Amino acid sequence: MIPYGRQDINQQDINAVTDVLKSDFLTQGPQVPLFEQAVMDACGGNYAIAVNSATSALHIACLALGLGKGDWLWTTPNTFVASANCGLYCGAQVDLVDIDPHTYNMSEKELARKLVIAEQAGRLPKIVVPVHFAGQAPDMQAIHLLAQKYNFKVIEDASHAIGGQYRGEPIGNCHYSDITVFSFHPVKIVTAAEGGMAVTNDQKLAEKLELFRSHGVTRNEDLMTKPMEGPWYYQQVDLGYNYRMTDLQAALGVSQMQRLSVFVDRRHELAKRYDKLLEDLPITRPWQHPDSYSGFHLYVICLHLNKIDNTHLEVFEGMREAGILVNLHYIPVHLHPYYQELGFEIGQFPQSEQYYKQAMSIPLFPSMTETQQDEVVSVLKKLLNLKKVVKS
């Protein structure tokens, strides 16, 4: 079997976790701040707050920015539901902005169009969450300018994108956003088994993020309502959650971060090789914007269904039957029953729906061999037989 993604664990990673198991701290120890520092060093952000998942990071990012009942959060249909659910967790309403047909990211043109309408209706978003789909950044500069014009906050959902760049600078430096969120799920570019990170350049936001990840409890005297009563003393000053990351996870993350550039470079090597091997097939290969250097979490192809005999489903099932565990990222958010009960309908976001009808994520991971890649391409070629021209 060849999975679409796979973690890359070496002996150094195993030793790092084993060392923590032998230490005095399994959680809330020294490894978490070390992991946070490693991410800050890599992306250039001033503050990093590690949590147990990127979903948790999105939630506390919304809370830190004051999202609540009566507010709106906008994101893209082409994402995992967590990018939208974080708004609902806060009691806000959610709307979506259709994608650019080339990058599959939030379309800045559609965002601009929709903002004009929303301003007239008096329902501008408080937060916009652009997603760095497959590791490629959206047009963050354009989104940032719109944020300044319409006074909304920006959370970059960069769950796919650590190690990537936008306009020659690392994703996560928050030059165009208030907070950036990363994921460390096993199939992501760097893994901590599970885990997430919220990065910001704003000290006040960082303090709020720290509070929300740990029950709203603090030992920081500056945030307390009265002086310390002793070395044991702490206060709950807000309502937070148990979203902390363990030292076991953080130790793995610290070790993995040492190979971040190796992972991303290898993903690019494989992507370039795919580009060459697939260039004559009836598919659209991933288009890369010149302003972007993708983390290449995913290699997504779109089938030219009008040029092949098999259907989307038949190609997908044929790949899996051959042991190629392709996947589909993503079912558009508005097509899920839960969101349709909230009022979303089929046909609202045509670019996302068209993408969904023909997209497929084929295997890409750093330990993938050229032999495995050749096998993926060989099976795909057999399933993409060109439609036969019927002579009259």
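These figures come from a predicted structure and were not determined experimentally.

**Details of the overall build of the protein chain**
At step 1: A tally of regular secondary structure across the protein chain gives 13 helices and 17 strands.
At step 2: The C-alpha atoms of the protein chain give 22 Å as radius of gyration, which agrees with the globular expectation for 392 residues (21 Å, within 12%).
At step 3: In terms of principal-axis extent, the alpha carbons of the protein chain reach across some 90 × 60 × 35 Å.
At step 4: Counting across all 392 residues of the protein chain, residues that qualify as buried make up 55%.
At step 5: Restricting to contacts in the protein chain with at least 6 residues of sequence separation, those with at least 24 account for 72%.

**Concerning the packing of helix 9 (residues 260–277) against helix 13 (residues 370–383)**
At step 1: For the pair helix 9 and helix 13, the least separation of the axes is 11 Å and the interaxial angle reads 35°. Between helix 9 and helix 13 lies a crossing whose hand is right-handed. Side by side, helix 9 and helix 13 meet where Arg 266, Leu 270, Arg 273, Tyr 274 and Leu 277 of the first sit next to Glu 370, Gln 373, Asp 374, Val 376, Val 377 and Lys 381 of the second.

**Here's the deal with empty space enclosed by the protein**
At step 1: Applying the stated criterion across every chain, the model contains three cavities of 30 Å³ or more.
At step 2: Volume-wise, the largest cavity comes out at about 100 Å³.
At step 3: In terms of lining residues, the largest cavity is bounded by 13 residues, among which Thr 103, Ala 134, Gln 136, Pro 286 and Gln 288 are the most central.
At step 4: What the second largest cavity holds in volume is close to 70 Å³.
At step 5: Residue classes in the lining of the second largest cavity are distributed as five nonpolar, three polar and two charged.

**Here's the deal with helix 13**
At step 1: Along its 14 residues, helix 13 runs 20 Å from first to last C-alpha, staying within 8% of the 20 Å computed at 1.5 Å per residue.
At step 2: Looking only at helix 13, the buried set comprises Gln 372, Gln 373, Val 376, Val 377, Val 379, Leu 380 and Leu 383. Angularly, the buried residues of helix 13 cover 165° about the axis, an arc narrow enough to put them on a single face. Turned more than 90 degrees off the buried face of helix 13, the exposed positions are Thr 371 and Lys 382.

**Re the nonpolar core**
At step 1: In this structure, Phe 35, Val 39, Phe 182, Phe 184 and Met 197 are the most contacted members of the largest nonpolar core, which totals 45 residues.
At step 2: When contributions to this core are tallied by element, the ones reaching two or more residues are helix 2 (31–43), strand 2 (47–51), strand 3 (72–75), helix 5 (108–121), helix 6 (140–150), strand 10 (196–200), helix 8 (247–257) and helix 9.
At step 3: Counting residues per element, this core draws most heavily on helix 2, at six residues.
At step 4: Ignoring anything within four residues of it in the chain, the contact list for Val 39 reads Gly 44, Ile 162, Phe 182, Phe 184, Met 197, Val 199 and Met 257.
At step 5: In terms of nonpolar packing, the next biggest core, distinct from the first, is built from 41 residues, Tyr 274, Leu 303, Met 319 and Ala 359 among them.

**Description of the packing of helix 3 (residues 54–64) against helix 4 (residues 82–89)**
At step 1: Between helix 3 and helix 4, the least distance of the axes is 9 Å, while the angle of their chain directions is 40°. Here helix 4 runs oblique to helix 3, going by the angle between their axes. For helix 3 against helix 4, the interelement crossing comes out right-handed. Together, Thr 55, Leu 58, His 59 and Cys 62 of helix 3 and Ala 82, Ser 83, Cys 86 and Tyr 89 of helix 4 make up the contact between the two elements.
At step 2: Residues that form the contact of helix 3 with helix 4 fall into these classes: five nonpolar, three polar and no charged.

**Let's talk about the packing of aromatic side chains**
Each pair of aromatic rings is reported with the distance of its centres and the angle of its planes.
At step 1: Following the criterion strictly, the structure yields 13 aromatic pairs and no others.
At step 2: Geometrically, the ring pair formed by Phe 80 and Tyr 330 is tilted, given 6.4 Å between the ring centres and 45° between the ring planes. Residue Phe 80 is located in the loop between strand 3 and helix 4, and its partner Tyr 330 is located in the loop between strand 16 (324–325) and helix 11 (337–341); the two are separated by 250 residues in the primary sequence.
At step 3: For the pair Tyr 274 and Tyr 299, a centre-to-centre distance of 4.8 Å together with 40° between the ring planes defines the contact as tilted. Linking Tyr 274 in helix 9 with Tyr 299 in strand 15 (residues 299–303), this pair joins segments that are 25 residues apart in sequence.
At step 4: Residue classification places Tyr 274 among the buried positions, given a relative accessible area of 0%.

**Looking at the layout of surface pockets**
At step 1: Put simply, the largest pocket is a space of about 500 Å³.
At step 2: Around the largest pocket, the lining is made up of 20 residues, and of these Gln 28, Arg 213, Ser 214, Val 217 and Arg 244 lie nearest the centre.
At step 3: Mapped onto the lining of the largest pocket, the elements with two or more residues apiece are helix 2, helix 7 (203–213) and strand 11 (217–218).
At step 4: Per element, the largest residue contribution to the lining of the largest pocket is four residues, and it comes from helix 7.
At step 5: Across the lining of the largest pocket, the residue classes break down as eight nonpolar, six polar and six charged.
At step 6: By volume, the second largest pocket amounts to about 380 Å³.
At step 7: What lines the second largest pocket is a set of 23 residues, among which Phe 80, Ser 159, Ser 183, Lys 188 and Tyr 330 lie closest to the centre.
At step 8: Only helix 3 and helix 4 provide two or more residues apiece to the lining of the second largest pocket.
At step 9: The leading source of residues in the lining of the second largest pocket is helix 3, at three residues.
At step 10: For the lining of the second largest pocket, the class distribution of residues is eight nonpolar, 12 polar and three charged.

**Looking at the pairing of strand 4 (residues 93–96)**
Regular strands show a simple pattern: their side chains alternate between the two faces of the sheet.
At step 1: Where strand 3 and strand 4 come together, four bridges link them in parallel fashion. For Trp 72, the partnering residue across the bridge sits in strand 4 and is Gln 93.
At step 2: With helix 4 bridging strand 3 and the parallel strand 4, this β-α-β connection has right-handed handedness.

Thresholds applied
Residues numbered from 1 in each chain as written. Predicted model: local features only at pLDDT ≥ 70, side-chain atom pairs only at ≥ 80, totals over all residues. Heavy atoms only, no water. Helix = DSSP H or I, 4+ residues; strand = E, 2+ residues; numbered from the N terminus. Rg over C-alpha atoms; globule rule 2.2 N^0.38 Å. Buried < 20%, exposed > 50% of the residue type's maximum accessible area, 1.4 Å probe, protein only. Contact = heavy atoms within 4.5 Å. Axes fitted to C-alpha atoms, helices over the stretch in contact; angles between N-to-C directions. Left-handed = near helix turned anticlockwise from the far one by under 90°. 1 Å grid on protein atoms, 1.4 Å probe; cavity = no way out; pocket = protein on both sides within 12 Å on 5 of 7 lines; lining within 4 Å. Points joined across faces, edges and corners; volume = space filled by probe spheres on them. Nonpolar A, V, L, I, M, F, W, Y, C, P; charged D, E, K, R; others polar. Expected span 1.5 Å × (residues − 1). Arc of directions from axis to C-beta. Core = buried A, V, L, I, M, F, W, Y, C linked by side-chain atoms within 4.5 Å. Parallel < 35°, antiparallel > 145°, perpendicular 65-115°, else oblique. Phe/Tyr/Trp six-rings, centres within 6.5 Å; stacked < 30°, edge-to-face > 60°. Pairing = 2+ DSSP bridges. Right-handed = clockwise from strand over helix to strand, strands pointing away.

These figures come from the coordinates and say nothing about function on their own.
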